[in-house]
Amino acid sequence: ILNVEQSPQSLHVQEGDSTNFTCSFPSSNFYALHWYRWETAKSPEALFVMTLNGDEKKKGRISATLNTKEGYSYLYIKGSQPEDSATYLCAPAARQLTFGSGTQLTVLP
Amino acid sequence: DTGVSQNPRHKITKRGQNVTFRCDPISEHNRLYWYRQTLGQGPEFLTYFQNEAQLEKSRLLSDRFSAERPKGSFSTLEIQRTEQGDSAMYLCASSPGSNQPQHFGDGTRLSIL
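Residues numbered from 1 in each chain as written. Chains lettered and ligands numbered in written order. Predicted model: local features only at pLDDT ≥ 70, side-chain atom pairs only at ≥ 80, totals over all residues. Heavy atoms only, no water.

Engineer: How would you summarise the overall build of chain A if you had to cite specific residues and measurements?
Structural biologist: A count of helical and extended segments in chain A gives zero helices and 10 strands. Each helix and strand of chain A, placed in order from N terminus to C terminus, yields the pattern β-β-β-β-β-β-β-β-β-β. For 109 residues, the compact-globule estimate of 2.2 N^0.38 gives 13 Å, and chain A sits close to it at 13 Å. Seen through its C-alpha atoms, chain A measures out along the principal axes to roughly 40 × 25 × 20 Å. Per-residue burial over chain A gives 51% buried out of 109 residues. Accessible surface, chain A as shown: approximately 5300 Å² in total, 45% of it carbon and sulfur. Chain A carries 9 positive and 10 negative side-chain charges, and their two centres are separated by 7 Å. (Helix = DSSP H or I, 4+ residues; strand = E, 2+ residues; numbered from the N terminus. Rg over C-alpha atoms; globule rule 2.2 N^0.38 Å. Buried < 20%, exposed > 50% of the residue type's maximum accessible area, 1.4 Å probe, protein only. Areas by Shrake-Rupley, 256 points an atom, 1.4 Å probe, with all protein chains shown as cover. Lys, Arg positive; Asp, Glu negative; His and termini not counted. Charge placed at Lys NZ, Arg CZ, Asp CG, Glu CD.)

Here's what the structure looks like:
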């Protein structure tokens, strides 16, 4: 079982602010890093799956980077909107996904 | 593609009873996963299937828990002799293969009285 840490645990930002979160994981026995977004009363939604060191993926205003050598990934949200309010979960994949506890983002209008 | 479907959405039962949950994955997905999620935590892996074969079970999964996927389509998760600590959200997900995004259902929330 991998030890996955996400920070910060929660975050409040104003609409229009840009923000970023960190996911840290052991760099050995790794073959992919997943990011999911989980809105209250909905099911988790896949954002990205990254496998290569230095990988960078983008989906609209959300992007993510991956450093497998040092064992971290950053998720960035540019110009946050209230609809971005959700818990953002990362999950490195070894034999199975191990989820972090998530970063709970609240975007205030 | 109707998404991953789970039922029931909510289950309230008395301690000691058996419960069974059902998951219908996206039809072309051969991988099916079960997770448990408690307040303030991310989903915790329980088990997964590739087609009808159960390929991995978490060491945390007690022998009161059993899962099946008899025809490689829908899956059931049964908990026997439920305990207070089994109260959680049980999530099912499916994917077309490894290193692919997992598609989650809305979950079954279990409450043990």
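Engineer: Requested: an account of the sheet that holds strand S3 (residues 19–24) of chain A, with residues and values cited.
Structural biologist: Residues and elements named next belong to chain A. The sheet built from five strands is open, its strands ordered S1-S3-S8-S7-S6 with antiparallel pairing. Either end of the sheet is taken by a strand with one partner, and the two such strands are strand S1 (5–7) and strand S6 (56–59). Put simply, the sheet's adjacent strands are angled 15° from each other on average, direction ignored. Bridge count between strand S7 (residues 62–67) and strand S8 (residues 72–77): six bridges; the pairing is antiparallel. By the bridge assignment, Ile-62 is partnered in S8 with Ile-77. (Pairing = 2+ DSSP bridges. Axes fitted to C-alpha atoms, helices over the stretch in contact; angles between N-to-C directions.)

Engineer: Explain the side chain of Ser94(B) to me, and be specific about the residues and the numbers.
Structural biologist: Residues and elements named next belong to chain B. Looking at the secondary structure, you find Ser-94 in strand S9 (residues 88–95). From its side chain, Ser-94 meets the backbone nitrogen of Ile-26 in a polar contact 3.4 Å long. In this structure the side chain of Ser-94 is engaged in a polar contact, spanning 2.8 Å, whose partner is the side chain of His-29. If sequence neighbours within four positions are ignored, Ser-94 has contacts with Val-4, Pro-25, Ile-26, His-29, Arg-31, Leu-32, Tyr-33, Pro-101, Gln-102 and His-103. (Polar contact = N/O pair within 3.5 Å; in protein donor to acceptor, adjacent residues only side chain to side chain. Contact = heavy atoms within 4.5 Å.)

Engineer: Kindly report on the pattern of salt bridges, identifying the contributing residues and their values.
Structural biologist: Applying the stated rule across the entire model yields 10 salt bridges over all chains. Glu45(A) is paired through a salt bridge with Arg37(A); the nearest N and O atoms lie 3.6 Å apart. Residue Glu45(A) is classed as partly exposed on the basis of its relative accessible area, which comes to 36%. The class for Arg37(A) is buried, based on a relative accessible area of 10%. Between Arg22(B) and Asp24(B) there is a salt bridge, with its nearest N and O atoms 2.7 Å apart. Through salt bridges with shared partners, a single ionic network connects Arg37(A), Glu39(A), Lys42(A) and Glu45(A). (Salt bridge = Lys/Arg side-chain N within 4 Å of Asp/Glu carboxyl O.)

Engineer: Quick one: what's the story with the state of the cysteines, residue by residue and with numbers?
Structural biologist: Tallied over the full model, the rule gives two disulfides over all chains. Sulfur-sulfur distance for the disulfide between Cys23(A) and Cys90(A) comes to 2.0 Å. Taking the sign of the S-S torsion, 75° for the link of Cys23(A) and Cys90(A), the bridge is right-handed. Here Cys23(A) is found in strand S3, whereas its partner Cys90(A) is found in strand S9 (residues 86–93), with 67 residues between them in sequence. Each member of the pair, Cys23(A) together with Cys90(A), is buried. A disulfide bridge connects Cys23(B) with Cys92(B), and the sulfur atoms are separated by 1.9 Å. With the S-S bond torsion at -65°, the cross-link from Cys23(B) to Cys92(B) turns out left-handed. You can see Cys23(B) sitting in strand S3 (residues 19–24) and its partner Cys92(B) sitting in strand S9, a full 69 residues away along the chain. For Cys23(B), a relative accessible area of 0% puts it in the buried group. The class of Cys92(B) is buried, set by a relative accessible area of 0%. (Disulfide = S-S within 2.5 Å.)

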